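# Geometric and topological summary
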Amino acid sequence: MSAAGRGDVDGAGDVVALEGVRFSYATRDASCDDELLALKDVSLRVPAGQRRGVLGPNGGGKSTLVKVVLGLLRPSAGSVRVFGREPVDACRAGLVGYVPQRTMAELAFPLSVSQVIRQGVERGLRPWQRLGAEARRAVDEAVELTGAGAFLDRPIGRLSGGQLQRAMIARAIAARPRLLILDEPAAGIDPAGQQRFAELLGRVHEAMGLTTILVSHDLRAVAAGCDAVACVARTLHAHTSPAGLTPAVLAEVFRHEMEPVLGDLHVDAHAAADCDDLGHSHGHAHGHGGAHGLGGGHGGGS
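Residues numbered from 1 in each chain as written. Predicted model: local features only at pLDDT ≥ 70, side-chain atom pairs only at ≥ 80, totals over all residues. Heavy atoms only, no water.

## Re the packing of helix 4 (residues 113-122) against helix 6 (residues 161-173)
- The N-to-C vectors of helix 4 and helix 6 enclose an angle of 30°; their axes lie 6 Å apart at closest approach. By the angle between their directions, the pair helix 4 and helix 6 is classed as roughly parallel. Crossing hand, helix 4 versus helix 6: right-handed. In contact with Val113, Val116, Ile117, Gln119 and Gly120 of helix 4, helix 6 contributes Ala167, Met168, Ala170 and Arg171.
- When the residues that make up the contact of helix 4 with helix 6 are grouped by side-chain class, the tally is 6 nonpolar, 2 polar and 1 charged. (Axes fitted to C-alpha atoms, helices over the stretch in contact; angles between N-to-C directions. Helix = DSSP H or I, 4+ residues; strand = E, 2+ residues; numbered from the N terminus. Parallel < 35°, antiparallel > 145°, perpendicular 65-115°, else oblique. Left-handed = near helix turned anticlockwise from the far one by under 90°. Contact = heavy atoms within 4.5 Å. Nonpolar A, V, L, I, M, F, W, Y, C, P; charged D, E, K, R; others polar.)

Quick look at the structure:
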């Protein structure tokens, strides 16, 4: 099950490109006071095939960033391109799959898991129209890949946390997107379940040739399923780690999340590629350029 051969998208290059993005819920004025900004001068590039984690505290701008990439919010300054297009155009073309945060209202709908998954390919169909053979095949492949077949007839509101996420991922990938965005996908799942969830995402990523962006405030969820990480707290702090996320890089990410509580923390967080010992972590301060302050006012594009 692969979308790699789709002719409308070049498989190389940056899937997502943000440059100098600023956004405020209070005003559309790009020159507004920094305190009004939900996102401040964010620059980020996500290359094709990457599994990018976006980590940060609640209220730090992660969901705002997701909405900007999906085209649901338009920044007051800066540019956003998804597959070289305007975000809205990329979504309309079916290039983007989205797993939103779980909501109680959504779970209250009297729908079966099968019905929810089919929603991923039923957009645009008239009430009397039926799915074509290719769409049915895509749904069947999504169900098989996620392991959702064991509970297809169960009401969506009666699933465990892990089962629900399988169903929601199946719905998102049934349309065979090229980019999959997940907003807090591991919420309510225990550590063992998070590891299984990370393995599921790995299978989906490999089978479909996807680029994935996983957004979470949970360090474990990001560490388990991503090969690069960015920390969002109004500004963005990015770290590329081709060999995997090292303890040092994770310490730098955690530093930004904990600064409001513990003050400025200093860690050595050099890239994994620069370190021969992938199992160590530093706690001493030094003059490394990656030690940003939260109010540094710059984006950390990778």
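## A short note on the layout of surface pockets
- One number sums up the size of the largest pocket: a volume of about 540 Å³.
- Lining the largest pocket are 22 residues, and of these Gly94, Val96, Gly120, Arg123 and Ala175 sit closest to its centre.
- Listing elements by their share of the lining of the largest pocket, those giving two or more residues are helix 2 (87-92), strand 5 (96-99), helix 4, helix 5 (133-146) and helix 6.
- Residue composition of the lining of the largest pocket, by class: 14 nonpolar, 3 polar and 5 charged.
- The space that makes up the second largest pocket amounts to roughly 190 Å³.
- Val68, Gly71, Leu73, Arg74, Pro75, Gly78, Ser79, Val80, Arg81, Glu86, Pro87 and Val88 together form the lining of the second largest pocket.
- Looking at the lining of the second largest pocket, the elements with two or more residues in it are strand 4 (77-82) and helix 2.
- At 4 residues, the largest contribution of residues to the lining of the second largest pocket is made by strand 4.
- A class-by-class count of the residues in the lining of the second largest pocket yields 6 nonpolar, 3 polar and 3 charged. (1 Å grid on protein atoms, 1.4 Å probe; cavity = no way out; pocket = protein on both sides within 12 Å on 5 of 7 lines; lining within 4 Å. Points joined across faces, edges and corners; volume = space filled by probe spheres on them.)

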